Amino acid sequence: MSKRRTQRGDRAGGKHRTHRHLTGAGSEFLERNPHVRTLLGRIDRGGLTWEDVADDILPVFERARPFAYEVEPPAHAIVPPGVTIGFGVDLGLAFARVGAAQLEGWPVDLAGLTERALRNLRRRARQARDYDLVREPIGGFPTIAFQSRDGWASTAVLVPEAIERLFGPEPALLIAPSRDLLVGLPDDVDLAFATWLAEEFEADDPNALRLEAFEWRDGTVRCRPLLRDAVAV
């Protein structure tokens, strides 16, 4: 799941897949990131151990569109506010997807994997300094668009303290059309407009998500359905 940015108001796409998307990523990046180079070497030699990846595991939302190639079933968990997440190992330019079979070889169960991934996400959310936060009206509605530049913006909805830091304490409606894009709208925004805006972003991103919206109110994030028939998770 490669990290990439799409150009539509300087918003990000998702992280896509694994090593084969990294081989052309350039020796300069690998020279600057010896940890990533080591992890890639271990993938080639048969897989990553829990010790290799524990600090770099993050929760991810699964992309809506199926992969064009066969992939093993991912490890999944359901977490507050009632959403399904998968898991990825952050390799700098990509997430290496964590499969259910891979988890069987690690000395941690699904609950432990989930706890560690959320702990890593909270740490990143606290320490984030280099990110994009753009405030501008769309369709007459004020919006705040957040990109982490590190691929985890959509999952900030799992960390209420991050939402308050980024969007403030006031009620809001949040949409997450891509892995590295979270958009805040007024809490009383018309749901038809919020649905249209989410689908506009999703249409241009092959790695797009297809999630419900999220209501931010009184320090709590809750799911709020958009006006469409189905969601990915």
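Read on for an overview of the structure. (Residues numbered from 1 in each chain as written. Predicted model: local features only at pLDDT ≥ 70, side-chain atom pairs only at ≥ 80, totals over all residues. Heavy atoms only, no water.)

Observations regarding the sheet that holds strand 8 (residues 181–186)
And step 1. Taken in spatial order, the six strands of this open sheet run 5-6-8-7-9-10, and their pairing is antiparallel. At either margin of the open sheet sits one strand with a lone partner, and together these are strand 5 (132–138) and strand 10 (220–224). Pairs of neighbouring strands in the sheet enclose a mean axial angle of 25°, with direction left out of account.
And step 2. In terms of strand pairing, strand 6 (residues 141–147) meets strand 8 through three bridges, oriented antiparallel. Each residue of the ladder has a partner; that of Ile 144, found in strand 8, is Gly 184.
And step 3. In the packing of helix 6 (residues 160–167) onto the sheet, the strands contacted are strand 5, strand 6, strand 7 (172–178), strand 8, strand 9 (213–217) and strand 10, and the crossing angle to strand 8 comes to about 65°.
And step 4. Contacting strand 5, strand 6, strand 7, strand 8 and strand 10, helix 7 (residues 191–203) runs over the sheet at an angle of about 25° to strand 7. (Pairing = 2+ DSSP bridges. Helix = DSSP H or I, 4+ residues; strand = E, 2+ residues; numbered from the N terminus. Axes fitted to C-alpha atoms, helices over the stretch in contact; angles between N-to-C directions. Contact = heavy atoms within 4.5 Å.)

Thoughts on the pattern of salt bridges
And step 1. With the rule as written, the count across this model stands at 12 salt bridges.
And step 2. Two residues, Arg 119 and Glu 115, come together in a salt bridge whose shortest N-O distance is 3.0 Å. You can see Arg 119 and its partner Glu 115 sitting in helix 5 (residues 110–127), four residues apart, about one turn around the helix.
And step 3. The salt bridge involving Arg 224 is made with Glu 215; its shortest N-O contact spans 3.9 Å. (Salt bridge = Lys/Arg side-chain N within 4 Å of Asp/Glu carboxyl O.)

Quick look at the environment of Leu 209
And step 1. One can find Leu 209 in the loop between helix 7 and strand 9.
And step 2. The class of Leu 209 is buried, set by a relative accessible area of 1%.
And step 3. Separated by 30 residues in sequence, Leu 209 and Arg 179 place their C-alpha atoms 6.9 Å apart. (Buried < 20%, exposed > 50% of the residue type's maximum accessible area, 1.4 Å probe, protein only.)

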